[in-house]
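Secondary and tertiary structure notes
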Amino acid sequence: MNWDWNFFFGYLTNGLMLQGAWTTIWLSVTSMILGLGLGVSAGMMKMYGNRALRWIAEFYIWLFRGTPVLIQLIIIYTGLPQLGIRLSVVESAIIGLALNEGAYLAEVIRSGIMSVDKGQTDASRAVGMTWRQRMWMVILPQATRTIIPPLGNQFNGMLKTTSLASVISMEELMRNAQMLAQIEFRVLEAYTVAAVWYLVLVSIWGLIQVRIEAHYEKPFGPAAAVSPDAKKDIEKILRNSGQA
Amino acid sequence: MTQQDPTTQPKGRTWARTIGEPIVIIDKVHKAFGENHVLKNVSMTVGKSEVVVVCGRSGSGKSTLLRCIDQLETIDEGTIHAAGHLMGFREKNGKRVALKDSEIALQQRDLGMVFQNFNLFPHVSVIDNVTMAPIRILKRDKTEALDEARTLLQRVGLPDKENAYPRQLSGGQQQRVAIARALAMKPKVMLFDEPTSALDPEMISEVLEVMIDLSNQGMTMIVVTHEMGFARAAADRVILMHDGRIVEEAPPEKFFTNPESEHTSLFLSKILQH
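Our subject in this report is the structure included herewith. (Residues numbered from 1 in each chain as written. Chains lettered and ligands numbered in written order. Predicted model: local features only at pLDDT ≥ 70, side-chain atom pairs only at ≥ 80, totals over all residues. Heavy atoms only, no water.)

1. Let's talk about the nonpolar core
Judged by nonpolar contacts, the single largest core of 85 residues is most densely connected at B:Ile26 and B:Ile69. Top element by residues in this core is helix H7 (residues 131-161) of chain A. It accounts for 11 residues. Leaving out residues up to four positions away in the same chain, B:Ile26 has contacts with B:Val42, B:Ser43, B:Met44, B:Leu65, B:Ile69, B:Thr79 and B:Ile80. Membership of the second largest hydrophobic core comes to 51 residues, among which are B:Val51, B:Leu153, B:Leu169 and B:Leu268. (Core = buried A, V, L, I, M, F, W, Y, C linked by side-chain atoms within 4.5 Å. Buried < 20%, exposed > 50% of the residue type's maximum accessible area, 1.4 Å probe, protein only. Helix = DSSP H or I, 4+ residues; strand = E, 2+ residues; numbered from the N terminus. Contact = heavy atoms within 4.5 Å.)

2. So, helix H2 (residues 101-108) of chain B
B:Ile104, B:Ala105, B:Gln107 and B:Gln108 are the residues of H2(B) that are buried. For H2(B), the angular spread of the buried residues around the axis is 160°, confining them to a single face. Residues of H2(B) that are buried sit in contact with helix H6 (118-126) of chain A together with strand S5 (85-86), strand S6 (89-92) and strand S8 (111-114) of chain B. (Arc of directions from axis to C-beta.)

3. Some thoughts on the interface of chain A and chain B
Counting residues at the interface gives 31 residues for chain A and 33 residues for chain B. Buried surface at the junction of chain A and chain B, summed over both partners, amounts to about 2600 Å²; 54% is from carbon and sulfur atoms. Sorting the residues of chain A by area buried against chain B places A:Arg125, A:Val127 and A:Met137 first, and these three jointly supply 24% of that buried surface. Here chain A and chain B share two salt bridges between them. (Buried area = accessible area lost by both parts, 1.4 Å probe. Salt bridge = Lys/Arg side-chain N within 4 Å of Asp/Glu carboxyl O.)

4. So, the sheet that holds strand S2 (residues 36-47) of chain B
Sheets are built from strands that pair by backbone hydrogen bonding, the pairs being arranged parallel or antiparallel. Residues and elements named next belong to chain B. An order of S2-S1-S4-S5 is seen for the four strands of this open sheet, with the pairing classed as antiparallel. The outermost strands of the open sheet, each flanked by one partner alone, are S2 and S5. As judged from the two bridges shared by strand S4 (residues 77-82) and S5, these two strands associate in the antiparallel manner. Bridge assignment links His81 to a residue of S5, and that residue is Leu86. Docked against the sheet, helix H1 (residues 62-69) engages strand S1 (22-33), S2 and S4, running at close to 65° with respect to S2. (Pairing = 2+ DSSP bridges. Axes fitted to C-alpha atoms, helices over the stretch in contact; angles between N-to-C directions.)

5. Description of the sheet that holds S8(B)
Residue and element names in this part refer to chain B. Spatially, six strands are ordered S8-S9-S10-S3-S11-S12 in an open sheet, and the strand pairing comes out mixed. Of all strands in the sheet, those with a lone pairing partner are S8 and strand S12 (245-250), marking the two edges. Recorded for the sheet is a direction-independent mean angle of 20° between the axes of neighbouring strands. Those strands touched by helix H6 (residues 201-216) are strand S3 (51-55), strand S9 (189-193) and strand S10 (220-224), and its axis lies near 150° from that of S10.

6. Comments concerning the pairing of S9(B)
Residue and element names in this part refer to chain B. Most of S9 sits out of view: five of its five residues are buried. Burial of S9 is two-sided: the residues Val189, Leu191 and Asp193 facing one way and the residues Met190 and Phe192 facing the other way are all buried. Pairing analysis gives four bridges linking S8 to S9, with the strands arranged parallel. Of the residues in S9, the one forming a bridge with Met113 is Leu191. Taken together, the five bridges between S9 and S10 define a ladder with parallel strand orientation. What sits directly across from Val189, in S10, is Thr220.

7. So, the side chain of A:Asn176
Residue and element names in this part refer to chain A. Inspection of the secondary structure puts Asn176 in helix H8 (residues 173-184). We classify Asn176 as buried; its relative accessible area is 1%. When residues no more than four places from it in sequence are discounted, the contact partners of Asn176 are Leu16, Met17, Gln19, Gly20 and Glu171.

The following block contains the structure:
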């Protein structure tokens, strides 16, 4: 059996693969949003919580960063029913991926918040903002700028990590490629098509990420950010070099 | 705004200020950072519309005093009354109870603070820096707050910068926006923490002009600064701090010509050498 382009192109536009790609997208987005919520909560608890909250956050981060996602997914879907907790495939996939993502994002969020200048806290307190107000209006919007690039990379990873949900029979790209491969035994073509789809999704995300980063960078960006003083200096240097 | 340099040519007060009732009362305040006893039994009173300049070497506790008044630091002992509030505490059955963060925030709204490093909000435009607190915290009417912010920007000499981001402004311009931002909350007292120390020499005067203008309009001001020109031109009283204590407290005429403390003479001789 040689490589057959007919199978390749056939699979590329096969309904099962398109459906799988769509599932991969919404599974990634949903898990990422929930994971972000968990990450912000855990990050904040670790930074500002009392001892109990800090301990809970630390434990959560330690547990989910220290174990493979694959095992987390299998335990949630096939292990928990033993304790009487029965979750559907979709629920298990989303919960497992979100819990795992949140543990990683907690650290990303924490470093983002720590990157904001301490003077910003002083300034926002001085105009009479409460903790909640200064977090919401001053600290988090500035932390976002630091958080966005690693967040984008995490989402890039998420798009591919969802393939692990195939083991609990979540019908996303990977699982559907498996099914196609089993029908006609065109294993190479089927998985190559799945790989191409992941590349396409990740590349599209890359384009979106650039735009989001540019948006949050705008108030800070170096382009057109030359201060009047710097401009004066530059003009002076240019003038002097012209005279010399 | 004129380009005259008030550090070398003090203009003097344009009208004799009437100093009103005490609006800031600091009583036997102590503050320590760990082993480091920064404020030692500091007491002072500032009347309404009075301008007090606080100077002293770095590490003398002058910035900490200002930060304690605005509750950016919590005092260990003593009391601070400002703009009618017992700052940071509440009296309950004769005992002091520390206020919650949100209650302190309410007190802080009556005081304005200007920082050495400006600390403008870099993620929003100049006009949003000025209107953020009035609109989103005081829930003021948006158009009204915008109008007032524009008037304030005019007053600090930056009417054409409302859509710029802080990074596009020079240091002197940023500091003037910071003053406008503080004024937008209609504070009863303005605190300045070395407002010109981070500025290039040619920008110091533009900030001092705004401050002198403010003092002439009757604003109560406590200014930590090394600009003795400003002290001569605008201060009603000059205070020297040394090692966490107030060692000299006098009207500028007396402070500069006939100080009582040896620390003052030493400080002045060092400052004037520059």
